[in-house]
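A closer look at the structure
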Amino acid sequence: MVLVMLLSSSGLYALTYGVPYQPQQQSATIMGASANQNTTGVATSPNGTSNLANETATASTATAPDVTFIEFVSSIEQIRGHLDQALGNKESGNDTLAQTHALHPIEEVYTSIEELIVSQNGTLNQSLSVALQDLSSSVPNATPEELGGQIDSINMLLDNSVQTLVPSSELTNPAFNASVVARLLHIAGHEYEEAVANGTIREIAEYQDGQAFIHRAESIFNSSASNINQSMAHEVEEVNELFLNLNTAVTNRDDPGNVETTINGIIHELAEITGLSESQLTGEESGTEEQDPVAIINNIKSLLTQLIAEYRAENYQGAESIATEAYLENYEFIEAPLAQRDQQLMEQTEVMLREDLRQMITQRVPIEQIEQHIAMINANLDRATQILSQ
């Protein structure tokens, strides 16, 4: 499969369109623009993928993109996720679920973008609306190949919609794709929360929606990761690791709280890469004030005490969840101020908390080793408290 991408002016992100949902796919060939190419619109390929290109990727400061266009493209990507799952279920012989997903774009998403499309191209809106309605009615009698052909045609119409509605200045904004990724993950988290409880899938359609939206978010990020400035290599590595953890958690039907924690971790890293706030990326107003770093450290230490108790009780999954929370929802928020004062201490503590501790839990080492390791983390946290209190 070939992904055709948009190189942003900063090289941070590339928005990809029409990428079929294939969880087992490990890599994709990326076709980008040459150094001197300057394309202002979207050229649609025969298979329904957008062919977007721009000038040489160079580092620049991210500016907040237009929320209307972010929501528009996020909706387009949700439609694609539903279509991916419709085809996947058709290929698996489950027409009932295939039809459910084929109906979702019309029932849940299209009304949110229809007015915008009508305002620019009524004919395009009519074609897309009819194509989506025809798809749902075709599911029972169409072969997988025929259904795939219909979806390819819809993808081309979706590409045309993006070309018609979204200015190239937005598509070349480095924060634009990050915002789309964040919104897709945010929605995926809600879908997963509705779908899974106590390790059991209660709502299969919502579960598959969550999977598809996560896949699309990861595809958007991966398509441009190689172009991200080398100064952000650490953040890119963390995002990739978090996506791996997220996919594993969803596949294993992990607790929704743990899935949400991992999603929040990805969004936090995207905020560090773009310079936008997490609430800007997700489109939600921030309802909390910035926490005192010392209070965060105290919370980490409290969580680590709880971790020891869970590990001693042989609740290893609970211990690992607490370790994840201690890092993603706490330590990540003091990394920047601590690094400004003591980079080595920040990095050492990060590895001890993010990697070493979780690996020890996975290996089921003796409780004494866990206690000793946490004692060393706490010693570093005490040093951090002194530094951050100055």
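Up top you'll find the structure we're talking about.
Attention in this report is confined to the structure presented alongside it. Being a predicted model, the structure only gives us computed values, none of them experimental.

Take the packing of helix α1 (residues 67–91) against helix α5 (residues 144–165) next. Following both chains from N to C, one finds α1 and α5 inclined at 175 degrees, their axes separated by 10 Å at the closest point. By the angle between their axes, α1 is roughly antiparallel relative to α5. In contact with Phe69, Phe72, Ile76, Ile79, Arg80, Leu83, Ala86, Leu87, Lys90 and Glu91 of α1, α5 contributes Pro144, Leu147, Gly148, Ile151, Ile154, Asn155, Leu158, Asp159, Ser161, Val162 and Leu165.

On to a negative patch on the surface, then. On the surface, a cluster of negative charge is contributed by Glu193, Glu194, Glu203, Glu260 and Glu329. With respect to the element layout, Glu260 can be found in helix α10 (residues 256–274).

Running from amino to carboxyl end, helix α9 (residues 233–251) crosses α10 at an angle of 160 degrees, the nearest separation of the two axes being 9 Å. With respect to each other, α9 and α10 are oriented roughly antiparallel. In this structure, α9 crosses over α10, and the sense of that crossing is left-handed. Residue-level contacts link Glu235, Glu238, Val239, Leu242, Phe243, Asn245, Leu246, Ala249 and Val250 of α9 to Val259, Thr262, Ile263, Gly265, Ile266, Glu269, Glu272 and Ile273 of α10. Per-class residue counts for the contact of α9 with α10 are ten nonpolar, three polar and four charged.

What follows is about unusual backbone geometry. Even without glycine at this site, Glu314 takes up a positive phi of about 65 degrees. With relative accessibility at 58%, the residue Glu314 sits in the exposed group. At Arg364, a position not held by glycine, the phi torsion is positive, near 55 degrees. Tracing the backbone shows Arg364 in the loop between α15 (343–362) and α16 (367–388). The partly exposed category is assigned to Arg364, whose relative accessible area is 43%.

Attention shifts here to α10. For α10, spanning 19 residues, the distance from its first C-alpha to its last is 27 Å, which sits close to the expected 27 Å at 1.5 Å a residue. Summarising burial for α10: 15 of the 19 residues are buried, a large majority. Measuring from the side-chain oxygen of the N-cap residue of α10 to the backbone nitrogen of Gly257 gives 2.8 Å; that N-cap residue is Asp255.

Grouped burial of nonpolar side chains is what soluble globular proteins tend to show. Counting 99 residues, the largest nonpolar core has Phe243, Leu307, Leu357 and Ile370 as its most contacted members. With eleven residues, the top contributor of residues to this core is helix α7 (residues 174–195). The residues touching Leu307, leaving out its near neighbours within four places in the chain, are Ala319, Ile322, Ala323, Leu357, Ile361, Ile370 and Ile374.

Reading the values: the criteria
- Residues numbered from 1 in each chain as written.
- Predicted model: local features only at pLDDT ≥ 70, side-chain atom pairs only at ≥ 80, totals over all residues.
- Heavy atoms only, no water.
- Axes fitted to C-alpha atoms, helices over the stretch in contact; angles between N-to-C directions.
- Helix = DSSP H or I, 4+ residues; strand = E, 2+ residues; numbered from the N terminus.
- Parallel < 35°, antiparallel > 145°, perpendicular 65-115°, else oblique.
- Contact = heavy atoms within 4.5 Å.
- Patch = residues over 30% accessible without salt bridge, like charges linked within 9 Å, V, L, I, M, F, W, Y side chains within 5 Å.
- Areas by Shrake-Rupley, 256 points an atom, 1.4 Å probe, with all protein chains shown as cover.
- Salt bridge = Lys/Arg side-chain N within 4 Å of Asp/Glu carboxyl O.
- Lys, Arg positive; Asp, Glu negative; His and termini not counted.
- Charge placed at Lys NZ, Arg CZ, Asp CG, Glu CD.
- Left-handed = near helix turned anticlockwise from the far one by under 90°.
- Nonpolar A, V, L, I, M, F, W, Y, C, P; charged D, E, K, R; others polar.
- Buried < 20%, exposed > 50% of the residue type's maximum accessible area, 1.4 Å probe, protein only.
- Expected span 1.5 Å × (residues − 1).
- Polar contact = N/O pair within 3.5 Å; in protein donor to acceptor, adjacent residues only side chain to side chain.
- Core = buried A, V, L, I, M, F, W, Y, C linked by side-chain atoms within 4.5 Å.

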